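Inside the fold
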Amino acid sequence: MAAFDTRYPSIDDLRKRAKQRIPRFAFEYLDGGCNEDINLYKNTVEIRETELRPVYLKDFAPVNLSCLLFGRRYNAPFGIAPVGLQGLMWPGAPQILAKAAKDHNIPFILSTVTTASIEKIAEVAEGNMWFQLYHPADQEITDDILLRLEAAGVDVLVVLCDVPSFGYRPRDIRNGLSMPPRMTAQNVLQILMRPRWGIETLVHGIPEFETMKRYMPKGLNIKQLGLYMNKTFSGRINAEKLKRLRDRWKGKMIMKGVATSEDAIMCVESDLDGIIVSNHGGRQLDAGQSSIGSLPGILESVRGKLTIMIDSGFQSGPDIARGLASGADFIFLGRTFMYGVAALGKRGGDHTISILKAQLQQVMEQLGCKDVIDLPSHLIKSRLS
Ligand SMILES: Cc1cc2nc3c(=O)[nH]c(=O)nc-3n(C[C@H](O)[C@H](O)[C@H](O)COP(=O)(O)O)c2cc1C
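**Here we look at the packing of aromatic side chains**
In total, this model carries seven aromatic pairs according to the counting rule given. Members of the aromatic cluster, each reached through a chain of ring pairs, are Phe 70, Tyr 74, Trp 130, Phe 330 and Phe 332. Over the aromatic face of Tyr 29 sits the side chain of Arg 283, whose NZ or CZ is 5.0 Å from the ring centroid.

**Things to note about helix α17 (residues 348-367)**
Its 20 residues give α17 an end-to-end C-alpha distance of 29 Å, which sits within 8% of 28 Å, the value for a rise of 1.5 Å per residue. Buried within α17 we find Gly 348, Gly 349, Asp 350, His 351, Thr 352, Ile 353, Ile 355, Leu 356, Leu 360, Val 363, Met 364 and Leu 367. Downstream of α17 by a residue or two, Gly 368 has a phi angle that is positive, lying close to 80 degrees.

**Remarks on the pattern of salt bridges**
Going through the model one piece at a time under the given rule, you end up with 20 salt bridges. A salt bridge links Arg 171 to Asp 37, with the nearest nitrogen and oxygen atoms 2.4 Å apart. Linking Arg 171 in helix α8 (residues 170-174) with Asp 37 in the loop between α2 (24-31) and α3 (38-47), this pair joins segments that are 134 residues apart in sequence. On the basis of relative accessibility, which here comes to 16%, the residue Asp 37 falls in the buried class. Note that Glu 119 and Arg 148 form a salt bridge whose closest N and O atoms lie 2.8 Å from each other. Taken together, the residues span a long stretch of sequence, with Glu 119 in helix α6 (residues 118-125) and Arg 148 in helix α7 (residues 139-151) at a distance of 29 residues.

**Focus: the site of the ligand**
The local shell around the ligand holds 22 residues, among which Pro 82, Ser 111, Asp 311, Gly 313 and Gly 334 are the closest. Between the ligand and Gln 132, the relevant distance is 2.9 Å, taken from a nitrogen atom to a side-chain nitrogen or oxygen of the residue. Ser 278 is positioned such that a nitrogen or oxygen atom in its side chain is 3.5 Å from an oxygen atom of the ligand. Against a free-state accessible area of 600 Å², the protein chains account for coverage of 98% of the ligand. In the shell around the ligand, the residues fall into nine nonpolar, nine polar and four charged.

Scoring rules and cut-offs
- Residues numbered from 1 in each chain as written.
- Predicted model: local features only at pLDDT ≥ 70, side-chain atom pairs only at ≥ 80, totals over all residues.
- Heavy atoms only, no water.
- Phe/Tyr/Trp six-rings, centres within 6.5 Å; stacked < 30°, edge-to-face > 60°.
- Lys NZ or Arg CZ within 6 Å of the ring centre and 35° of its normal.
- Helix = DSSP H or I, 4+ residues; strand = E, 2+ residues; numbered from the N terminus.
- Expected span 1.5 Å × (residues − 1).
- Buried < 20%, exposed > 50% of the residue type's maximum accessible area, 1.4 Å probe, protein only.
- Salt bridge = Lys/Arg side-chain N within 4 Å of Asp/Glu carboxyl O.
- Near = heavy atom within 4 Å.
- Polar contact = N/O pair within 3.5 Å; in protein donor to acceptor, adjacent residues only side chain to side chain.
- Areas by Shrake-Rupley, 256 points an atom, 1.4 Å probe, with all protein chains shown as cover.
- Nonpolar A, V, L, I, M, F, W, Y, C, P; charged D, E, K, R; others polar.

Now the structure itself:
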């Protein structure tokens, strides 16, 4: 692993650098929430209202960041959330992040709609990859994807439930990025102002939906492609679809996007192994609760019955400590890792993970907390609990 780059010691430094390095339409796609960005803002603010209690006058052994999840020991209690269209933000981003996750032994979740295929990333990840299923309406596509996952040795399937409708994102609409990207004169101008991104994109090729490509009719124009994607991923998950998936998938199965006790209970009843409490990083329901705000009710309903992970709004080691102290078993981060790759290219994944580990280690040393599972004993208060 490379030496720590002291010019970028925080995620905010990486975010600022990313903004300078990639075209505006790509940065805004990554950075934004939906509607008025209320839910986006609330996610981090409410995580940071959680306070932790240090205990100084006692000895304790060196901090251990490792964490047991689904029978496997990971080196840290956080992982890389699935993000679509990653190659648009930095060419080769999924490969960079999958490799960094493998090197650091933390989970990497590949999105159905990102720019690298299941097979490519499975090679890089060497058994360290989970897959997020965007739940195609077409059963045959789902079945084929599951076969490909099995062939690639993926054993954790993450089903997404919080995109029954595409989020209303004014910046993306303005930028012609409603899915898939549209090259307006303005976008071309923005690319010309970010030559490094432009050159890297030429080297890697125009980003495509590599996992989905084989199911898509060839020769679609951009408008037809948009319609195809909308049609393919439309629809909600219900008990019947969930049962079919659960009966079919032999590995671990997780629901991502759970925001209420009601849905969490349904996941227990459907025999799932875990949930990711999430509001999609504030990109779907601006009027919704923060993700950390929905955690206490969910814990009350289903704690001990499945693994409860969380994402949305976590951007630092102290944030991760706050989430774990609040009762989550594991934390995922989305934008944070993409800022790292957009800022530093190939070094970005490793550097971002190193920042988070160093920060989390410091918090735990400061608290006098040896193991991540002991963090809840340092919780003072959450305004929300
Ligand atoms: C640009 C972008 C694209 C995303 N694409 C997906 C996706 O394809 N599938 C998915 O399950 N979640 C997707 N998400 C949501 C993330 O998995 C995760 O829930 C969210 O980023 C967590 O919030 P954070 O960015 O504040 O860490 C996306 C998020 C962002 C920012």
